Amino acid sequence: MTTTPIARASQARSLGRMLVVRVLGTIGILLVLSIIVFSMLHLAPGDIVKNLLGNRASSPEAIAAIRAQYNLDQPLYMQYLIWLGNTLTGDFGQSIRLQDSVSNVIGSRLGITAALSGLAFLLAVIVAVPLGVQSAVRSGSWIDRFATGFGIVGLSAPTFAVGLLLLYVFAFYLPIFPVYGSGDGGLDTLWHLVLPAITLALGLGAIILKLTRTAMLRELESDYVTFGRARGLPDRQVHLIALRNAAIPIVTGASLVLTFLVGGTVLAETTFALPGLGTLLQGSVLFKDIAVVQALTLLVAVTIATIALLADLAYIFLDPRIRAKESAQ
């Protein structure tokens, strides 16, 4: 049946309304999260001024000047409102620990973390999805047993332990990859990121593999698969149809594990001494560098919210039933 222009316009309005609601909800969550993080950092033990001055002798006038410079002499709610107002204009403040603007500090490290996360996610998807499909199609075979073993190892092995093992085998015992650092840019940086990416991809791939196998098994047991085979459709075509119907849980799992990369990069970057956002967040929390922690928290939250929104849009694209439901609301 051909969709009329009126129906298409109604569907577009419904999808637009859904998108606006999701964006407004995301903004509300970000606001609440920023208040919680800001309050927790101030309530944590330690004094920012003492961290900044160290063991040097300082006069009350110097301490007062530092507190005034970073708005620490203001009430807590005023400090937050000042930070929020500056953030809305694109000013994230200055790092107390590094004595540079937060935008420059994060910008100088964002590329490493983004490249590491992207490479790890790409490796996980390329390996896990085909292996999960074959594991479901050939259930009980040696491929299925191998995939099951891979999933168990990937889910149970800690990130830092996998990283240290890979370092010992492929950087020390067999000196194929560099031991630490991010390289000098270009292909050299990519070569430095291979072992950290494999470290992260092992756990991510295990989750995606399990979800892919489960979704494919459920679809392969459906009536439409039996009907398709009874009509004489080739196995390859039947498997592609089943994979398309299993795409929604696979996309859900992939979007969720992509958000887990944010936490996983802290351990991977620490193990391989990579100057990324993970190590920056770790050091900033220990030093109580509030401006950096707030900006990183906001960046992480925006990233996760964007991934969730893209996953919702992918559901609508993949499943016409969801499109019809959204249009009917």
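Residues numbered from 1 in each chain as written. Predicted model: local features only at pLDDT ≥ 70, side-chain atom pairs only at ≥ 80, totals over all residues. Heavy atoms only, no water.

### A look at the nonpolar core
Right, so step 1: One finds Leu-116, Leu-195, Leu-200, Ile-208, Met-216, Leu-220 and Leu-274 to be the most contacted residues of the largest nonpolar core, which totals 40 residues.
Right, so step 2: Among the elements of the structure, α5 (102-137), α6 (142-156), α7 (159-173), α9 (194-220), α11 (235-245) and α12 (247-271) are those that each provide at least two residues to this core.
Right, so step 3: The biggest single contributor to this core is α9, with twelve residues.
Right, so step 4: In this structure Leu-200 touches Leu-116, Ala-120, Thr-159, Leu-261, Gly-264, Thr-265 and Ala-268, once residues within four positions along its chain are discounted.
Right, so step 5: Residues Ile-106, Leu-280, Ala-291 and Ala-295 belong to the second largest nonpolar core, which totals nine residues. (Core = buried A, V, L, I, M, F, W, Y, C linked by side-chain atoms within 4.5 Å. Buried < 20%, exposed > 50% of the residue type's maximum accessible area, 1.4 Å probe, protein only. Helix = DSSP H or I, 4+ residues; strand = E, 2+ residues; numbered from the N terminus. Contact = heavy atoms within 4.5 Å.)

### Points about the packing of α5 against α9
When two helices pack together, their arrangement is given by the angle between their axes and by how far apart the axes lie.
Right, so step 1: One can describe the packing of α5 onto α9 by two numbers: an axis separation of 6 Å at closest approach and a directional angle of 35 degrees. Note that α5 runs across α9; the crossing there is right-handed. (Axes fitted to C-alpha atoms, helices over the stretch in contact; angles between N-to-C directions. Left-handed = near helix turned anticlockwise from the far one by under 90°.)

### A closer look at empty space enclosed by the protein
Right, so step 1: Tallied over the full model, the rule gives one cavity of 30 Å³ or more.
Right, so step 2: By volume, the largest cavity is sized at about 40 Å³.
Right, so step 3: Taken together, Leu-30, Leu-33, Ser-34, Trp-83, Gln-294, Thr-297, Leu-298 and Ala-301 make up the full set of residues lining the largest cavity.
Right, so step 4: Only α1 (5-43) and α14 (290-318) provide two or more residues apiece to the lining of the largest cavity.
Right, so step 5: Element by element, the count of residues in the lining of the largest cavity is highest for α14, at four residues.
Right, so step 6: Split into classes, the residues belonging to the lining of the largest cavity amount to five nonpolar, three polar and no charged. (1 Å grid on protein atoms, 1.4 Å probe; cavity = no way out; pocket = protein on both sides within 12 Å on 5 of 7 lines; lining within 4 Å. Points joined across faces, edges and corners; volume = space filled by probe spheres on them. Nonpolar A, V, L, I, M, F, W, Y, C, P; charged D, E, K, R; others polar.)

### With respect to the environment of Phe-150
Right, so step 1: For Phe-150, the location among the structural elements is in helix α6.
Right, so step 2: Leaving out residues up to four positions away in the same chain, Phe-150 has contacts with Leu-131, Leu-202, Gly-205, Ala-206 and Leu-209.

### Some words on the packing of α5 against helix α13 (residues 277-287)
Right, so step 1: In contact at an axis separation of 8 Å, α5 and α13 are set at 135 degrees when each is read in the N-to-C sense. As judged from the angle between their axes, α5 and α13 are oblique. Here Val-105, Ile-106, Arg-109, Leu-110 and Thr-113 of α5 come into contact with α13, specifically with Leu-277, Gly-278, Thr-279 and Leu-280.
Right, so step 2: Looking at side-chain class alone, the contact of α5 with α13 contains five nonpolar, three polar and one charged residues. (Parallel < 35°, antiparallel > 145°, perpendicular 65-115°, else oblique.)

### A look at the side chain of Glu-269
Right, so step 1: Assignment of secondary structure puts Glu-269 in helix α12.
Right, so step 2: Put simply, Glu-269 is tucked away with no salt bridge, and the nearest opposite charge, on Arg-109, sits 6.5 Å away.
Right, so step 3: Only 3.5 Å separates the side chain of Glu-269 from the backbone nitrogen of Leu-277, close enough to count as a polar contact.
Right, so step 4: Reaching out from Glu-269, the side chain makes a polar contact with the backbone nitrogen of Thr-279 at a distance of 3.1 Å. (Lys, Arg positive; Asp, Glu negative; His and termini not counted. Salt bridge = Lys/Arg side-chain N within 4 Å of Asp/Glu carboxyl O. Polar contact = N/O pair within 3.5 Å; in protein donor to acceptor, adjacent residues only side chain to side chain.)

### Some thoughts on the confidence of the model for the protein
Right, so step 1: When the pLDDT values of the protein are averaged, the result is 80; 86% of them are 70 or greater.
Right, so step 2: Per-element confidence in the protein is highest for α5, whose mean pLDDT is 89, and lowest for helix α15 (residues 320-328), whose mean pLDDT is 56. (pLDDT = per-residue confidence, 0-100.)

### With respect to the pattern of salt bridges
Right, so step 1: All told, the structure shown has one salt bridge when counted by the stated rule.
Right, so step 2: Taking the shortest distance from any N to any O, the salt bridge between Asp-144 and Arg-213 comes out at 2.8 Å. Linking Asp-144 in helix α6 with Arg-213 in helix α9, this pair joins segments that are 69 residues apart in sequence.

### Observations regarding helix α4 (residues 76-88)
Right, so step 1: In this model α4 runs 19 Å from its N-terminal to its C-terminal C-alpha over 13 residues, within 8% of the 18 Å that 1.5 Å per residue would give.
Right, so step 2: Among the residues making up α4, those that are buried are Gln-79, Tyr-80, Trp-83 and Thr-87. The buried residues of α4 occupy one face: seen down the axis, they fall within an arc of 95 degrees. Opposite the buried face of α4, at more than 90 degrees from it, the exposed residues are Tyr-77 and Leu-88.
Right, so step 3: Of the residues flanking the end of α4, it is Gly-90, one or two places downstream, whose phi is positive at about 90 degrees. (Expected span 1.5 Å × (residues − 1). Arc of directions from axis to C-beta.)

### Examining the side chain of Ser-135
Right, so step 1: Mapped onto the elements, Ser-135 comes out in helix α5.
Right, so step 2: Among the polar contacts listed, one links the side chain of Ser-135 to the side chain of Asp-144, at a separation of 2.5 Å.
Right, so step 3: Those residues in contact with Ser-135, other than ones at most four positions away along the chain, are Ile-143, Asp-144, Ala-147 and Arg-213.

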